[in-house]
Amino acid sequence: MSKYICTVCGYDYDERDGDKSQGIAPGTKWEDLPDDWVCPICGADKSMFELAGAAAQAPAQPAVTEHAGEERQDARHQAILMSNLAKAASKQHNAPMASLFARMEAYFNQRSAAEGDMNSAHKLLNEDIAARYVAAFNTAREVGDRGALRALTWGEKVSKIQANILRRYLKDGDSAFENDNVYVCEACGFIYTGAEAPEICPVCKVPRFKFNQIKRGA
């Protein structure tokens, strides 16, 4: 009997035990689990699990798509700078200068507006997981930045669950979550779908009250 580990929250599915919470009998093989079975802790689907003890394989590194993203990122940085300058001018009671910086912030915010659709968002998330996080982790390890490593660990887990949610949505549309509520952890950004938020965030371990419910149509 084998074990499969959730790469998001660390839950292990042991074939000997099954999953009582979802009516999976002891002795149920991994390949015999229903296609719609999800991790009982974080809601990740089967694609987010790895066989325990399997030799880690480096993922195929996709070519990072060159697009207008860098331009939008630069514009976003400029918008943040203008916002800070507007606040500083306001504190100095320089209303004309604060107004000017606010107008510049609005301009750069417009320039930084994201474009695309769910498919492109899903593609970019998968590129992040397969390539960009790998590069960022390597850099953080080289310089021994433990804070960056912790932040990257959280970010990678959240990105995986976001990709998982988008995959479900692209497959089933609105019906994928019609019976679920959507909750977001305000500490790390983890997204959870279900009747109620988990007692503890499976990524950053904060308690349930740190989750905010996202109302439909928000």
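Quick caveat: nothing in here was measured; it's all calculated off a predicted structure.

A separate point is the pairing of strand β1 (residues 3–6). It is a general feature of regular strands that their side chains alternate between the two faces of the sheet. Here β1 shows a buried face lined by Tyr 4 and Cys 6 and an unburied face lined by Lys 3 and Ile 5. With three bridges joining them, β1 and strand β2 (residues 12–14) adopt antiparallel strand pairing. Each bridged residue has a counterpart across the sheet, and for Lys 3 the counterpart in β2 is Asp 14. Hairpin remark: β1 followed by β2, antiparallel, with five residues in the connecting loop; positive phi at Gly 10, about 90 degrees. Here three bridges tie β1 to strand β3 (residues 49–51), and the two strands are oriented antiparallel to one another. Residue pairing in the sheet places Tyr 4 in a bridge with Leu 51 of β3.

The residue Tyr 192 is located in strand β5 (residues 191–194) in this model. Measuring from C-alpha to C-alpha, the distance between Tyr 192 and Phe 211 comes to 9.0 Å, with 19 residues separating the pair along the chain.

This structure, assessed with the given rule, holds one cavity of 30 Å³ or more. Estimates place the volume of the largest cavity at around 30 Å³. Lining of the largest cavity is provided by Cys 42, Gly 43, Ala 44, Ile 161, Asn 164, Ile 165, Arg 168, Ile 191, Tyr 192 and Thr 193. Within the residue set of the lining of the largest cavity, elements represented by two or more residues are α4 (146–172) and β5. For the lining of the largest cavity, the element with the most residues is α4, which contributes four residues.

Take the nonpolar core next. Counting 28 residues, the largest nonpolar core has Cys 6, Cys 42, Phe 49, Phe 190 and Cys 201 as its most contacted members. Each residue touching Cys 42, except ones within four places of it in the same chain, is listed here: Cys 6, Val 8, Cys 9, Ile 161, Phe 190, Tyr 192 and Pro 202. Judged by nonpolar contacts, the second largest core, of eight residues, contains Met 82, Ala 89, Ala 98 and Phe 101.

Here α4 is 27 residues long and its end C-alpha atoms lie 39 Å apart, about the 39 Å a rise of 1.5 Å per residue gives. Backbone nitrogen of Gly 147 and a side-chain oxygen of the N-cap are separated by 3.2 Å at the start of α4; the cap is Asp 145. Of the residues trailing α4, Gly 173 is marked for its positive phi of about 70 degrees.

Calculation notes
- Residues numbered from 1 in each chain as written.
- Predicted model: local features only at pLDDT ≥ 70, side-chain atom pairs only at ≥ 80, totals over all residues.
- Heavy atoms only, no water.
- Buried < 20%, exposed > 50% of the residue type's maximum accessible area, 1.4 Å probe, protein only.
- Helix = DSSP H or I, 4+ residues; strand = E, 2+ residues; numbered from the N terminus.
- Pairing = 2+ DSSP bridges.
- 1 Å grid on protein atoms, 1.4 Å probe; cavity = no way out; pocket = protein on both sides within 12 Å on 5 of 7 lines; lining within 4 Å.
- Points joined across faces, edges and corners; volume = space filled by probe spheres on them.
- Core = buried A, V, L, I, M, F, W, Y, C linked by side-chain atoms within 4.5 Å.
- Contact = heavy atoms within 4.5 Å.
- Expected span 1.5 Å × (residues − 1).
- Polar contact = N/O pair within 3.5 Å; in protein donor to acceptor, adjacent residues only side chain to side chain.

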